[in-house]
Amino acid sequence: MELKYAMPTRVVMGKDCVRANGRELAPLGTKALIVTGASSAKACGALDDVIAALAANGQGHQVFDQVPANPGVDCVYLGAEVARKAGCDFVVAIGGGSPMDAAKVMALLAKNPLPKEELFSGNYGNQALPIVAIPTTAGTGSEVTQYAIITNHGAETKSGIATPIFFPKLALLDAKYLESVSKRTMTNTVVDSLSHSIEGIISNRASPVTDALAARGIALVGECLSELGAGTLSADQLGSLMLASTIGGMVIANTGTTGLHAMGYSLTYFKGIDHGRANGLLMTAFLDFVKTSRPDLVKKVLDPLKMSSLSGLAFVIESLLGEKEKITDAELEKFSAKAAASKNIGNCAVPPNQAEILAMFRSVFAEKKAGPGVATARHSVIEFV
């Protein structure tokens, strides 16, 4: 078989690694556009660390702290304009997936001011400002991927932009930044990380390399699930979850995501459900569908969790996420049509059709559920091997 794997980002992980490795920022440029959300980068100390590292190198900076959750087209064009006017020649992204993804597109647009109608065209050339990524959540893995996910109001969904120039030059991982993350955000982002490793396994682009990485990412999350639910994560466990997130990113950088992400995007766009939570709500229903044709793939997911059944995973995920949102059947039909049209569906080892997608949605959100399977998982107990 032909095997390919690529992930060109240099990764450095450890306590206080931003200041300790600040010299690695020096070759990237003279002035950084620091891209963050409104407050989290300051609250966790990452912004101060970056500014100190840049100052030690004699590098200037311009802070752009206007990235909201699920940033859209206007945000990334505004950030690119700020970068150009300030004379920034590289980008430092601090935060979760939203700042990191937005920063990637800003880095592209600062060098290539595409018309807005061409942003999702796929024609990006090979020029972008160098990117440094500093995650402050344990979920997205964007610090090691070539993807940026941007809210696309024209298509009423979140759309992915993929280009090798989006791979950050450097990723700096410090788990101390997770200490200020709320329990809700930690839960949602960790579930997102878990979904990345799981989707790597059920992707038709999986390889022995990505399977090995995915198994390790799943195991790292599995070892922390009890404390995650209780809100009692130790410093070592925060490190494990930070690493699991990056591993998940390394996986999907090569396998892509699947129909699980495609289904989750509508929950986020139309219902405001956090991306990681959306994936988690649908996770076991999607795996139950895959199991009908490829039980071997589901076993690859469950083994690193030391679980013997999907009902055990469903119980854990439902315990973490709590009560589900109310969604009408008409909405589910609309969401199913959108998911079925997504490119992610073709990336599934077992690609569902629209009717099967709707059945999965209904198994999760219908008011009344019938029959065995994951729909009744909340009444089961965790089964360990």
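No experiment lies behind these values; they were computed from the predicted model shown.

Draft legend 1. Structural view of the overall build of the protein. Of the regular secondary structure elements, the protein holds 15 helices and eight strands. In summary, the protein has a C-alpha radius of gyration of 20 Å against a globular reference of 21 Å for 385 residues, a match within 12%. Seen through its C-alpha atoms, the protein measures out along the principal axes to roughly 65 × 45 × 45 Å. Taken across its 385 residues, the protein has 57% of its residues classed as buried. As presented, the protein carries roughly 15400 Å² of accessible surface, and 53% of it is formed by carbon and sulfur atoms. Between the averaged position of the 35 positive side-chain charges in the protein and that of its 35 negative side-chain charges there is a distance of 1 Å.

Draft legend 2. Summary view of the side chain of Ser159. Mapped onto the secondary structure, Ser159 falls in strand E7 (residues 157-162). Looking at Ser159, the relative accessible area reads 14%, which means it is buried. In this structure the side chain of Ser159 is engaged in a polar contact, spanning 3.0 Å, whose partner is the side chain of Asn152. With residues near it in sequence (within four places) discarded, Ser159 still touches Phe120, Ala148, Ile149, Ile150 and Asn152.

Draft legend 3. Here's a closer look at the packing of aromatic side chains. For the structure shown, the criterion picks out four aromatic pairs. Note on Tyr269 and Phe270: the rings are 4.9 Å apart at their centroids and 80° apart in plane angle, and the pair reads as edge-to-face. Taken together, Tyr269, Phe270, Phe335 and Phe361 form an aromatic cluster joined through their ring pairs. Cation over ring: Lys116 sits above Tyr77, and NZ or CZ is 5.6 Å from the ring centre.

Draft legend 4. The arrangement of the pairing of strand E8 (residues 170-173) in detail. Of the two faces of E8, the one carrying Leu170 and Leu172 and the one carrying Ala171 and Leu173 are both buried. Pairing geometry for strand E1 (residues 10-13) and E8, over four bridges, is parallel. Residue pairing for E8: Met13 is matched across the bridge by Leu173. The pairing of strand E5 (residues 131-135) with E8 spans two bridges and is classified as parallel. Counted as the bridge partner of Ala133 is Ala171 from E8.

Draft legend 5. Seen up close, the side chain of His261. On the secondary structure map, His261 appears in helix H10 (residues 259-271). By relative accessible area, which is 3% here, His261 ends up buried. Once you skip the residues sitting within four places of it in the chain, His261 turns out to touch Asp192, Ser195, His196, Glu199, His275, Asn279 and Asn344.

Draft legend 6. Seen up close, the environment of Gly272. Inspection of the secondary structure puts Gly272 in the loop between H10 and helix H11 (275-293). Sequence separation between Gly272 and Thr292 is 20 residues; the distance between their C-alpha atoms is 31 Å.

Draft legend 7. The environment of Leu225, seen in detail. Following the sequence through the fold, Leu225 ends up in helix H8 (residues 225-230). The buried category is assigned to Leu225, whose relative accessible area is 12%. Between the C-alpha atom of Leu225 and that of Val190, which follows or precedes it by 35 residues, the distance is 9.3 Å.

Draft legend 8. The arrangement of the sheet that holds E1 in detail. Reading across the sheet, the six strands line up as E1-E8-E5-E4-E2-E3 and stay open at both edges, with parallel pairing between neighbours. Since the sheet does not close on itself, it has two edges, and those belong to E1 and strand E3 (60-64), each with one partner. For this sheet the average axis-to-axis angle between neighbouring strands, irrespective of direction, equals 20°. Most of the contacts of helix H5 (residues 97-111) go to strand E4 (residues 90-95), to which it runs at about 165°, and overall it touches strand E2 (31-35), E3, E4 and E5.

Draft legend 9. Spatial organisation of the state of the cysteines. Per the stated rule, a full pass over the model turns up zero disulfides. In this model Cys17 remains outside any disulfide bridge; the closest cysteine sulfur is found in Cys44, 12 Å from its own. Using a relative accessible area of 3% as the deciding quantity, one classes Cys17 as buried. Cys88 forms no disulfide, and the closest cysteine sulfur to it belongs to Cys75, at a distance of 15 Å.

Draft legend 10. Representation of the nonpolar core in the model. Grouped together as the largest cluster of nonpolar side chains are 71 residues, with contacts concentrated most on Leu267, Met283, Leu313, Phe361 and Phe365. It is H11 that contributes the most residues to this core, nine residues altogether. Residues within four places of Met283 in sequence aside, it is in contact with Val191, Leu194, Ser195, Ile198, Leu260, Leu313 and Ile317.

Draft legend 11. Fine view of unusual backbone geometry. You will see that Asp16, though not glycine, has its phi angle at about 60°, which is positive. With respect to the element layout, Asp16 can be found in the loop between E1 and helix H1 (17-20). On the basis of relative accessibility, which here comes to 36%, the residue Asp16 falls in the partly exposed class. You will see that Asn70, though not glycine, has its phi angle at about 55°, which is positive. Following the sequence through the fold, Asn70 ends up in the loop between E3 and helix H4 (73-86). Judged by relative accessible area, Asn70 falls into the partly exposed class, the value being 31%.

Draft legend 12. Inspection of the environment of Leu228 at higher detail. Summarising the element assignment, Leu228 is placed in helix H8. Here Leu228 falls in the buried class, since its relative accessible area comes to 2%. Taking the C-alpha atoms as reference points, Leu228 and Lys183, 45 residues apart in sequence, are found 7.8 Å from one another. Residues within four places of Leu228 in sequence aside, it is in contact with Lys183, Met186, Thr187, Val190, Leu233 and Leu320.

Here is what the cut-offs are and how they apply
Residues numbered from 1 in each chain as written. Predicted model: local features only at pLDDT ≥ 70, side-chain atom pairs only at ≥ 80, totals over all residues. Heavy atoms only, no water. Helix = DSSP H or I, 4+ residues; strand = E, 2+ residues; numbered from the N terminus. Rg over C-alpha atoms; globule rule 2.2 N^0.38 Å. Buried < 20%, exposed > 50% of the residue type's maximum accessible area, 1.4 Å probe, protein only. Areas by Shrake-Rupley, 256 points an atom, 1.4 Å probe, with all protein chains shown as cover. Lys, Arg positive; Asp, Glu negative; His and termini not counted. Charge placed at Lys NZ, Arg CZ, Asp CG, Glu CD. Polar contact = N/O pair within 3.5 Å; in protein donor to acceptor, adjacent residues only side chain to side chain. Contact = heavy atoms within 4.5 Å. Phe/Tyr/Trp six-rings, centres within 6.5 Å; stacked < 30°, edge-to-face > 60°. Lys NZ or Arg CZ within 6 Å of the ring centre and 35° of its normal. Pairing = 2+ DSSP bridges. Axes fitted to C-alpha atoms, helices over the stretch in contact; angles between N-to-C directions. Disulfide = S-S within 2.5 Å. Core = buried A, V, L, I, M, F, W, Y, C linked by side-chain atoms within 4.5 Å.

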